[in-house]
Amino acid sequence: MLRTLYKISEAQAELQRICDRIHTDQVVEQEATVREILNAIRQSGDEALLHYTAKFDEQTLTPQTLRISGAEIDTAYQQVSGDLLQAIRLACKNVKAFHQQRLPKNWVTFEENGVVLGKRYTPVANAGIYVPGGRASYPSTVIMNAIPAQVAGVERLVMVTPTPKGHTNPAVLVAAQEAGVQEIYRVGGAQAIGALAYGTETIPKVDVISGPGNVYVTLAKKQVYGTVGIDSLAGPSEVLIIADHTANPVHVAADLLAQAEHDPMAAAILLTTDSKLADKVVVEVDRQLAGHPRQILTEKAIAHYGIAIVVESLEEAAQLSNQFAPEHLELEVEDPWALLEKITQAGAIFLGHDTPEAVGDYLAGPNHTLPTSGAARYASPLSTETFMKHSSLIQYSKSALLNVAGAIDALTNAEGLPSHGDSVRLRVEE
Ligand SMILES: NC(=O)C1=CN([C@@H]2O[C@H](COP(=O)(O)OP(=O)(O)OC[C@H]3O[C@@H](n4cnc5c(N)ncnc54)[C@H](O)[C@@H]3O)[C@@H](O)[C@H]2O)C=CC1
Ligand SMILES: N[C@@H](Cc1c[nH]c[nH+]1)C(=O)O
Ligand SMILES: [Zn+2]
């Protein structure tokens, strides 16, 4: 049952609790488990990877069977329908088109005084993408991660995905082939993140790990950050919907459930100016949940991290939403573009009554791997830049150096670093 809150102070406290749900005080046990798993992978490589895969995914593997073979990928193509293959190809096309547009550009400026400045982007050499596969498996996530890496020009693209009890979704393998993944390993959870971060005898160490996952995956990415780069803390998922009297309660309820069905830690939040709408959504959530194939998991998410909040105005809704910094924000209001002006923090924003989050989850083009748990305050959707870094370019002519020699001298003296001063003086005095 979705709870309803009317008091702003209670709403703020509750939103903070939900936002913080993957931060340490609520997940002390999981943090410790993840630390132990990562240490074991670092020390024992494949042996630990196989041990945790047997333990958590109930799958007995050997170093030789960790990698998914070409024959398995060929078989997967026989198993997917023509419609599904077409849908995968449409999603690849849209995601590629969007990410090609967002490819960062190199630039160089030649200034008249003999100064040349610039910025030059290069892809990382090796990227690892995590594709969730615990409670659901995600061909869409393969596309959302592999295509931007391809567009960025990554040389070696390695994918990991758990296949619990040996169950492999053929659509994930087909999506990987279509999106240009070169190697796939059937491992998941913190152990897979550890393998990509530290390398094992079988799995290569990569430079960047991207991709969403549950609390174990997300905490593992947080812990290995620094050893490798990461995209953002992407999961468990969340949606926040701002709705006014023009919203359809049946649609709003469906969108809340579409997020809750991902994970018992998924968050589904409604902020509305219309208390009658809130009441209808509460009833509708229960109605749609009855007989839902993922009812127990979805009910857990709704009970712990689901909430309807009745607000005074859309301004108040925008303030609360900005405080929460949701992964997905739906603006189901009469004038979504006017409300957008007040929104400053959100991973992806869906405008209007006919744009359910699912359109972005699958194929609109923008990435569905998005910052969660407040990370949208400082992080952005996964993009080609996730797989790139840039170098600054600087060139000075002798006369340009002469122009600034005095200023550099003053600064080197202030820092007590005479060799820095010499490196300039010796050139301009030549
Ligand atoms: N933010 C984003 O962009 C997106 C987020 N997601 C999120 O991805 C997540 C997918 O979660 P799952 O289906 O669970 O798949 P998952 O692949 O993330 O996690 C499954 C793995 O968790 C590990 N695990 C499970 N129970 C464990 C335990 N007790 N101790 C240690 N490790 C354990 C196992 O190793 C298992 O292989 C959801 O939270 C969903 O919301 C999905 C798509 C996009
Ligand atoms: N809603 C997921 C993405 C998704 C994939 N498949 C369905 N949904 C997210 O958090 O971005
Ligand atoms: Zn979804």
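About the criteria used
- Residues numbered from 1 in each chain as written.
- Chains lettered and ligands numbered in written order.
- Predicted model: local features only at pLDDT ≥ 70, side-chain atom pairs only at ≥ 80, totals over all residues.
- Heavy atoms only, no water.
- UniProt positions renumbered as here; feature names shortened; annotations may be inferred.
- Helix = DSSP H or I, 4+ residues; strand = E, 2+ residues; numbered from the N terminus.
- Expected span 1.5 Å × (residues − 1).
- Buried < 20%, exposed > 50% of the residue type's maximum accessible area, 1.4 Å probe, protein only.
- Arc of directions from axis to C-beta.
- Contact = heavy atoms within 4.5 Å.
- Near = heavy atom within 4 Å.
- Polar contact = N/O pair within 3.5 Å; in protein donor to acceptor, adjacent residues only side chain to side chain.
- Areas by Shrake-Rupley, 256 points an atom, 1.4 Å probe, with all protein chains shown as cover.
- Nonpolar A, V, L, I, M, F, W, Y, C, P; charged D, E, K, R; others polar.
- Donors = N, O, S within 2.8 Å, 3.2 Å for Na, K, Ca; no water.
- Pairing = 2+ DSSP bridges.
- Axes fitted to C-alpha atoms, helices over the stretch in contact; angles between N-to-C directions.

Per an unreviewed UniProt entry, the recorded name for the chain is Histidinol dehydrogenase, and the organism is Adonisia turfae CCMR0081. Listed under Sequence similarities (unreviewed entry) in UniProt, the entry text for the chain is "Belongs to the histidinol dehydrogenase family." Heading Catalytic activity (unreviewed entry) of the UniProt record for the chain holds this comment: "L-histidinol + 2 NAD(+) + H2O = L-histidine + 2 NADH + 3 H(+)".

K.L.:
Any chance you could explain helix 1 (residues 8-19) here in plain terms?
P.N.:
Because each turn of an α-helix spans 3.6 residues, side chains separated by three or four positions in sequence point in the same direction. With 12 residues, helix 1 ought to run about 16 Å at 1.5 Å a step, and its terminal C-alpha atoms sit 16 Å apart, in line with that. If you check which residues of helix 1 are buried, you get Ala11, Glu14, Leu15, Ile18 and Cys19. For helix 1, the arc enclosing every buried residue in end-on projection is 135 degrees, short of the 170-degree limit, so these residues lie on one face. Lining the buried residues of helix 1 we find strand 1 (3-5), strand 10 (267-272), helix 12 (295-305), strand 11 (306-310) and helix 13 (314-324).

K.L.:
How do you make sense of the site of ligand 1 when you look at a structure like this?
P.N.:
Of all residues adjacent to ligand 1, which total 29 residues, the nearest are Tyr130, Arg135, Ser237, Asp263 and Glu327. Within the side chain of Tyr216, an N or O atom sits 3.2 Å from a nitrogen atom of ligand 1. Taken by itself ligand 1 offers 870 Å² of open surface, and the protein chains cover 89% of this. Secondary-structure elements contributing two or more residues to the shell around ligand 1 are helix 3 (46-57), helix 8 (189-198) and helix 9 (215-224). Residue composition of the shell around ligand 1, grouped by class: 12 nonpolar, 13 polar and 4 charged.

K.L.:
Please clarify how the coordination of the zinc ion (ligand 3) should be interpreted in this entry.
P.N.:
Coordination angles at a metal have ideal targets, namely 109.5 degrees for four tetrahedral donors and 90 or 180 degrees for six octahedral donors. Around the zinc ion (ligand 3), the donor atoms from the protein are His262 (NE2) and Asp361 (OD), and they sit 2.1 to 2.4 Å away. Take His262: its relative accessible area is 21%, and that puts it in the partly exposed class. Given the relative accessible area of 14%, Asp361 is considered buried.

K.L.:
What is the right way to read the sheet that holds strand 10 from this model?
P.N.:
Two orientations exist for strands paired in a sheet by backbone hydrogen bonds: parallel and antiparallel. One open sheet holds the 6 strands; their spatial order is 1-11-10-9-12-13, and the pairing between them is parallel. Of all the strands in the sheet, just strand 1 and strand 13 (348-351) have a single pairing partner and so form its edges. Neighbour to neighbour, the strand axes of the sheet diverge by 20 degrees on average, direction disregarded. Examined bridge by bridge, strand 12 (residues 328-332) and strand 13 share 4 bridges and lie parallel to one another. Residue pairing for strand 13: His328 is matched across the bridge by Ala348. Across the face of the sheet, helix 10 (residues 249-260) comes into contact with strand 9 (238-243), strand 10 and strand 12 while running at roughly 165 degrees to strand 9. Here helix 13 sits on the sheet in contact with strand 9, strand 10, strand 11 and strand 12, set at roughly 170 degrees to strand 9.

K.L.:
What's the story with the UniProt feature "binding site: NAD(+)" (unreviewed entry) in the chain in this structure? I'm lost.
P.N.:
UniProt annotation of "binding site: NAD(+)" (unreviewed entry) refers to Tyr130, Gln191 and Asn214 when read in the numbering used here. Annotated residues spanning 85 residues; largest pairwise C-alpha distance 12.9 Å, indicating a single compact cluster. Topologically, Gln191 is positioned in helix 8. Residue class for Gln191 comes out buried when judged on its relative accessible area of 2%.

K.L.:
Would you explain the UniProt feature "binding site: Zn(2+)" (unreviewed entry) in the chain in this entry?
P.N.:
According to UniProt, the positions carrying the feature "binding site: Zn(2+)" (unreviewed entry) are Gln259, His262, Asp361 and His420. With a sequence span of 162 residues, these residues are also far apart in the fold, their greatest C-alpha distance being 55.9 Å. Mapped onto the elements of the fold, Gln259 is located in helix 10. Judged by relative accessible area, which is 1%, Gln259 ranks as buried. Other than its neighbours up to four places away in sequence, Gln259 contacts Ser237, Glu238, Val239, Ala266, Ala267, His328 and Glu357. Following the sequence through the fold, His262 ends up in the loop between helix 10 and strand 10. Among all residues touching His262, those that are not within four sequence positions of it are Arg135, Tyr138, Ser237, Arg294 and Leu297. One polar contact links His262 to Tyr138, side chain to side chain, over a distance of 2.6 Å.

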